[in-house]
Amino acid sequence: MASLSPTSSVADRYARSLHELAAEAGKVEAVEAALGDFETLISESAELKRLIERPVFSADEQAAAMDAILAKAKMEPLASNFMHVVARNRRLFALPAMIRAFRDIAARERGEVTAEVTSAAELNATQEKQLKATLKEVAGKDVKLSVTVDPSILGGLIVKLGSRQIDTSLKTKLSSLKLALKEVG
């Protein structure tokens, strides 16, 4: 699969290397969980997000900040060492893409596909189970859901599975109706 940007190329290389090391150590799930926890830290901390996204900090400043964060987080050692290397190599800007790429590689190795689902409200357990079952029939593989809540879609779902997108959102249906009415009038 060809990379679309220099960031995704860097992310893919780092993620593949980390996955190889984690697989050799039998720690793919632990590393994946640790990366997920760190991803949550990024989303919850504006300061951490700024450290990762902005190259205004020197390599030493980035590394020192990451060392302090990782020491407090008590993260899985392989994931922690990986993030130290990423910081020292001034690649923190690509860390979120590296985490996504690692997750994709791990899922592919398990025979899973990930569906990105956007809903207007939080899905309950029954809805998630039904959606997974329906998507498994379509994909022919186990499906892991990555759910985002976006009230602006008003209702329905937007599901991205591989290169396919199914948009049953009320917002899209209303926009289509509005266009149709403009054409008639």
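Everything here concerns the structure above.
An account of the accompanying structure is given in this report. (Residues numbered from 1 in each chain as written. Predicted model: local features only at pLDDT ≥ 70, side-chain atom pairs only at ≥ 80, totals over all residues. Heavy atoms only, no water.)

1. Describing the side chain of Gln 62
Examined against the element boundaries, Gln 62 turns out to sit in helix α4 (residues 59-73). Among the polar contacts made by the side chain of Gln 62, one reaches the main-chain carbonyl oxygen of Leu 51 at a distance of 3.4 Å. In this structure the side chain of Gln 62 is engaged in a polar contact, spanning 3.5 Å, whose partner is the side chain of Arg 90. Each residue touching Gln 62, except ones within four places of it in the same chain, is listed here: Leu 51, Arg 54, Phe 57, Ala 87, Arg 90 and Leu 92. (Helix = DSSP H or I, 4+ residues; strand = E, 2+ residues; numbered from the N terminus. Polar contact = N/O pair within 3.5 Å; in protein donor to acceptor, adjacent residues only side chain to side chain. Contact = heavy atoms within 4.5 Å.)

2. Some points on the packing of helix α2 (residues 28-44) against helix α3 (residues 46-53)
Closest axis-to-axis distance for the α2/α3 pair is 5 Å, and the angle between their directions is 105°. Our classification of the angle between α2 and α3 gives roughly perpendicular. Contacts from Phe 38, Leu 41, Ile 42 and Glu 44 of α2 reach α3 at Ala 46, Leu 48, Lys 49 and Ile 52. Class assignment of the residues belonging to the contact of α2 with α3 gives a composition of 6 nonpolar, no polar and 2 charged. (Axes fitted to C-alpha atoms, helices over the stretch in contact; angles between N-to-C directions. Parallel < 35°, antiparallel > 145°, perpendicular 65-115°, else oblique. Nonpolar A, V, L, I, M, F, W, Y, C, P; charged D, E, K, R; others polar.)

3. Regarding unusual backbone geometry
Residue Arg 90 is not a glycine yet carries a positive backbone phi of 55°. Inspection of the secondary structure puts Arg 90 in the loop between α5 (77-88) and α6 (95-110). The residue Leu 154 is not glycine, and still its phi comes out positive at about 70°. In this structure, Leu 154 sits in the loop between β2 (142-149) and β3 (157-161). When its relative accessible area of 52% is taken as the criterion, Leu 154 is described as exposed. (Buried < 20%, exposed > 50% of the residue type's maximum accessible area, 1.4 Å probe, protein only.)

4. Some words on the nonpolar core
Among the nonpolar cores identified, the biggest contains 34 residues, and Phe 38, Met 66, Met 83, Leu 95, Met 98 and Phe 102 are the most heavily contacted of them. The element contributing the most residues to this core is α6, with 8 residues. Leaving out residues up to four positions away in the same chain, Met 83 has contacts with Leu 35, Phe 38, Met 66, Leu 70, Met 75 and Leu 95. Formed by 9 residues, the second largest nonpolar core is a distinct cluster that contains Ala 115, Leu 131, Val 159 and Leu 161. (Core = buried A, V, L, I, M, F, W, Y, C linked by side-chain atoms within 4.5 Å.)

5. Some details on the pattern of salt bridges
All chains considered together, the criterion is met by 7 salt bridges. Where Glu 112 meets Arg 110, a salt bridge forms, and the shortest distance between an N and an O atom there is 3.2 Å. For Arg 110, a relative accessible area of 33% puts it in the partly exposed group. Close ionic contact of Asp 142 with Lys 136 constitutes a salt bridge, the shortest N to O distance being 3.0 Å. On the basis of relative accessible area, Asp 142 is assigned to the partly exposed category, the value being 39%. Linked by salt bridges that have partners in common, Glu 32, Arg 110, Glu 112 and Lys 144 make up one network. (Salt bridge = Lys/Arg side-chain N within 4 Å of Asp/Glu carboxyl O.)

6. Here's the deal with α2
For an α-helix, 3.6 residues make a turn, and residues three or four places apart therefore share a direction. Between the first and last C-alpha of α2 there are 24 Å, a value that for 17 residues agrees with the 24 Å anticipated at 1.5 Å per step. Along α2, the residues classified as buried are Val 28, Val 31, Glu 32, Ala 34, Leu 35, Gly 36, Phe 38 and Ile 42. (Expected span 1.5 Å × (residues − 1).)

7. A closer look at the pairing of strand β1 (residues 112-119)
The sheet contact formed by β1 and β2 spans 8 bridges and is parallel. Across the sheet, residue Glu 112 finds its bridge partner in β2, namely Asp 142. Handedness of the crossover joining β1 and β2 through helix α7 (residues 125-139) is recorded here as right-handed. When β1 meets β3, the two strands line up antiparallel, connected through 5 bridges. Bridge pairing links Ala 115 to Leu 161 in β3. (Pairing = 2+ DSSP bridges. Right-handed = clockwise from strand over helix to strand, strands pointing away.)

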